[in-house]
Amino acid sequence: MTDTLDIIRVNVREELPELGEITNVELRDKVVEAWAYALSREGMSRISDMEGSGAPGYWILTKGTQLDHIRGVTRLAIRYGDELLSMYPDLPLNRDVLIAGALIHDVGKPLEYNPTKMADWSARPHEAGWPVTRHPVHGWHVCLTVGLPENIAHIAAAHSREGDTIVRSMECTVIQACDHALWQVLRLGGMIKDGEPRYHPNPSARD
């Protein structure tokens, strides 16, 4: 298992060059650890192993994988945050938290995209649920399991509609805006296939 995790850690560092923007080395390493843990649990070795979609089979990128989405949100969030700090230097926006949060906002998705588990959930949804949980909830678990602070786990948990009933942090608010804007703009630009959600009872679910 250790060798496998080491390989996945190397893959994550290669796939996410934006990690280099995080100045706190411990935080950077824990972002890598979160992805390594989440991927290894589901038999994956790379973020790019996952379909580029908002949910399995739904809002599918016509080009690219889940990695392209995660990096896209991160790059937008960095630009958004830097512009805010340029305009409002006294704004207490934490750049490291913003970047780390953007990189792990979908860290719970390997669970949702595990084909064996998807088949099991669809065969007995009355027992297992379908899915057993969504990626924001699992992302919260992953983050805390590897020792990421709660303000980072909050971003994984609250960037989607699960966060609509709580107050989002500033960093989470930026990431949620970038995440939704990216999906919507790509859809309007013809770069998203709507598809049919494999399990979401809510047809508006996409992220």
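Residues numbered from 1 in each chain as written. Predicted model: local features only at pLDDT ≥ 70, side-chain atom pairs only at ≥ 80, totals over all residues. Heavy atoms only, no water.

Some thoughts on the pairing of strand β2 (residues 58–65)
When a strand is regular, its side chains alternate between the sheet's two faces.
So, point 1. When strand β1 (residues 51–55) meets β2, the two strands line up antiparallel, connected through three bridges. The residue of β2 that forms the bridge with Glu51 is Thr65.
So, point 2. Between the antiparallel neighbours β1 and β2 lie two residues, among them Gly57 with a positive phi of about 80 degrees. (Pairing = 2+ DSSP bridges. Helix = DSSP H or I, 4+ residues; strand = E, 2+ residues; numbered from the N terminus.)

Considering helix α3 (residues 66–87)
So, point 1. The terminal C-alpha atoms of α3, which comprises 22 residues, lie 32 Å apart, in line with the 32 Å expected from a rise of 1.5 Å per residue.
So, point 2. Buried within α3 are the following residues: Gln66, Leu67, His69, Ile70, Gly72, Val73, Thr74, Ala77, Ile78, Gly81 and Leu84. (Expected span 1.5 Å × (residues − 1). Buried < 20%, exposed > 50% of the residue type's maximum accessible area, 1.4 Å probe, protein only.)

Some points on unusual backbone geometry
So, point 1. The omega angle of the peptide bond from Trp130 to Pro131 is 0 degrees, so this bond is cis rather than trans.
So, point 2. Looking at the element boundaries, Pro131 is found in the loop between α7 (125–128) and α8 (135–145).
So, point 3. Phi at Trp59 takes a positive value of approximately 50 degrees, unusual for a residue other than glycine.
So, point 4. Mapping Trp59 onto the fold places it in strand β2.

Digging into the packing of aromatic side chains
So, point 1. Going through the model one piece at a time under the given rule, you end up with one aromatic pair.
So, point 2. Ring geometry for Tyr58 versus Trp59: centroids 6.3 Å apart, planes at 55 degrees, classification tilted. Comparing Tyr58 with Trp59 shows no difference in burial state: the two are buried. (Phe/Tyr/Trp six-rings, centres within 6.5 Å; stacked < 30°, edge-to-face > 60°.)

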